[in-house]
Amino acid sequence: MGRARLRVMRLAEELAAIADLDAALAQIKLIGEAIDIPLVTFLDDLSSSSSELRIAGRTTRAPSRRFAEFRRVWETRQYRLSSVTYLACRTRFLPFTWRISDREPAAVRMDTVSKWSMKFVESYGVLGGLCIPIHAPRSRVGCLHFIDRKGIDLDRCLEANRSALMLAGPYLMNLCLSRENGHAAEPINYLTRRETDCIALAGRGLTDKQIAREVGFCPGTARFHIENATKKLNAQTRVQAVAKAAQLGLIGAIA
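Throughout what follows, the structure given in this document is the object of discussion. (Residues numbered from 1 in each chain as written. Predicted model: local features only at pLDDT ≥ 70, side-chain atom pairs only at ≥ 80, totals over all residues. Heavy atoms only, no water.)

Our next topic: the packing of helix H1 (residues 3-14) against helix H2 (residues 21-34). Interhelical geometry of H1 versus H2 gives an angle of 170° and a closest axis separation of 9 Å. Compared by their axis directions, H1 and H2 come out roughly antiparallel. Each of Arg 7, Val 8, Leu 11, Ala 12 and Glu 14 in H1 lies in contact with H2, whose residues at this interface are Gln 27, Leu 30, Ile 31 and Ala 34. (Axes fitted to C-alpha atoms, helices over the stretch in contact; angles between N-to-C directions. Helix = DSSP H or I, 4+ residues; strand = E, 2+ residues; numbered from the N terminus. Parallel < 35°, antiparallel > 145°, perpendicular 65-115°, else oblique. Contact = heavy atoms within 4.5 Å.)

Our next topic: helix H7 (residues 193-203). Burial in H7 covers these residues: Glu 195, Cys 198, Ile 199, Leu 201, Ala 202 and Gly 203. In this structure, the buried side of H7 is in contact with helix H8 (208-215), helix H9 (219-232) and helix H10 (238-247). (Buried < 20%, exposed > 50% of the residue type's maximum accessible area, 1.4 Å probe, protein only.)

The next point concerns the packing of H8 against H9. Any two packed helices are characterised by how steeply their axes cross, that is the angle between the axes, and by the distance between the axes. Viewed as axis vectors pointing N to C, H8 and H9 meet at an angle of 100°, and their least axial separation amounts to 8 Å. If you check the angle between H8 and H9, you find them roughly perpendicular. In contact with Asp 208, Lys 209, Ile 211 and Ala 212 of H8, H9 contributes Pro 219, Ala 222, Arg 223 and Ile 226. Split into classes, the residues belonging to the contact of H8 with H9 amount to five nonpolar, no polar and three charged. (Nonpolar A, V, L, I, M, F, W, Y, C, P; charged D, E, K, R; others polar.)

Turning our eyes to something else, we now look at the packing of aromatic side chains. What the rule picks out here adds up to nine aromatic pairs. Arranged with centres 5.8 Å apart and planes meeting at 65°, the rings of Trp 74 and Tyr 79 form a pair that is edge-to-face. Residue placement shows Arg 92 over the ring face of Phe 96; its charged tip is 5.2 Å from the ring centre. (Phe/Tyr/Trp six-rings, centres within 6.5 Å; stacked < 30°, edge-to-face > 60°. Lys NZ or Arg CZ within 6 Å of the ring centre and 35° of its normal.)

Before going further, it helps to examine a negative patch on the surface. Judged by side-chain charge, Asp 102, Asp 153, Asp 155 and Glu 159 come together as a negatively charged surface patch. By the element assignment, Asp 102 lies in the loop between strand S3 (96-99) and helix H5 (112-122). Residue classification places Asp 102 among the partly exposed positions, given a relative accessible area of 46%. (Patch = residues over 30% accessible without salt bridge, like charges linked within 9 Å, V, L, I, M, F, W, Y side chains within 5 Å. Areas by Shrake-Rupley, 256 points an atom, 1.4 Å probe, with all protein chains shown as cover. Salt bridge = Lys/Arg side-chain N within 4 Å of Asp/Glu carboxyl O. Lys, Arg positive; Asp, Glu negative; His and termini not counted. Charge placed at Lys NZ, Arg CZ, Asp CG, Glu CD.)

Applying the stated criterion across every chain yields a total of 11 salt bridges. Here Lys 150 and Asp 36 are joined by a salt bridge, their closest N and O atoms 2.7 Å apart. Separated by 114 residues along the polypeptide, Lys 150 in the loop between strand S5 (141-148) and helix H6 (154-181) and Asp 36 in the loop between H2 and strand S1 (39-43) bring together distant segments of the chain. Note that Asp 44 is salt-bridged to Arg 54, the shortest N-O span being 3.1 Å. Placement of Asp 44 in the loop between S1 and strand S2 (54-55) and of Arg 54 in strand S2 is noted, with a sequence separation of 10 residues between them. In this pair, the class of Asp 44 matches that of Arg 54, namely buried. If you follow the salt bridges from partner to partner, you end up with Asp 44, Asp 45, Arg 54 and Arg 140 in one network.

Interpretation in functional terms is not warranted from these geometric data alone.
This is the structure we're talking about:
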């Protein structure tokens, strides 16, 4: 392994010992500089409008007027929801590269709004990027994004530093989640086989009577198992119980 790759890996490994999110973002900035892509952004939740787009290494001072304007337009026009790179992060687990010149980066088909978002990004001198999808518990997805404005060989950069970048993303997300929660993640309560079966069938839209017919007992028993599962999942309704069970991977995807 070359000296440069070793330095990037060391910087990524050092994230494990950093307990402050701002300090971790400063460390990410060093990684960006080491791979010749110094502009790095981080978004901890692609689905939440309250999730702030952060620039690595700039947490101790106010953002520039240019970036503040970029962020204002980006959020006002809701480009986050149509960004092809963010959409790709939802279905990909491994880092990937994209270029403006590709027009349909990351193998995502672009609609009109997506093309507008790409043109908007291009107007700020962005040529492409290297994205690290971060898949967190409860179906949360974030993105660590190294943004290229020089025209470097992104594929070669990714090939050389893939392991380090895949390590950096989860460390950063873990710090973000720890700061939000302030304590260990809530444990998953055990569901019996019958409770799991009933919740899974409820997720398919079946009524208590239909669930009972599927599993071979009376509707009251089906309702009993669903109510138990709802309590164990700390849910208020059976709909919320189904959603939580799906997020936790207890019943698989909801059809």
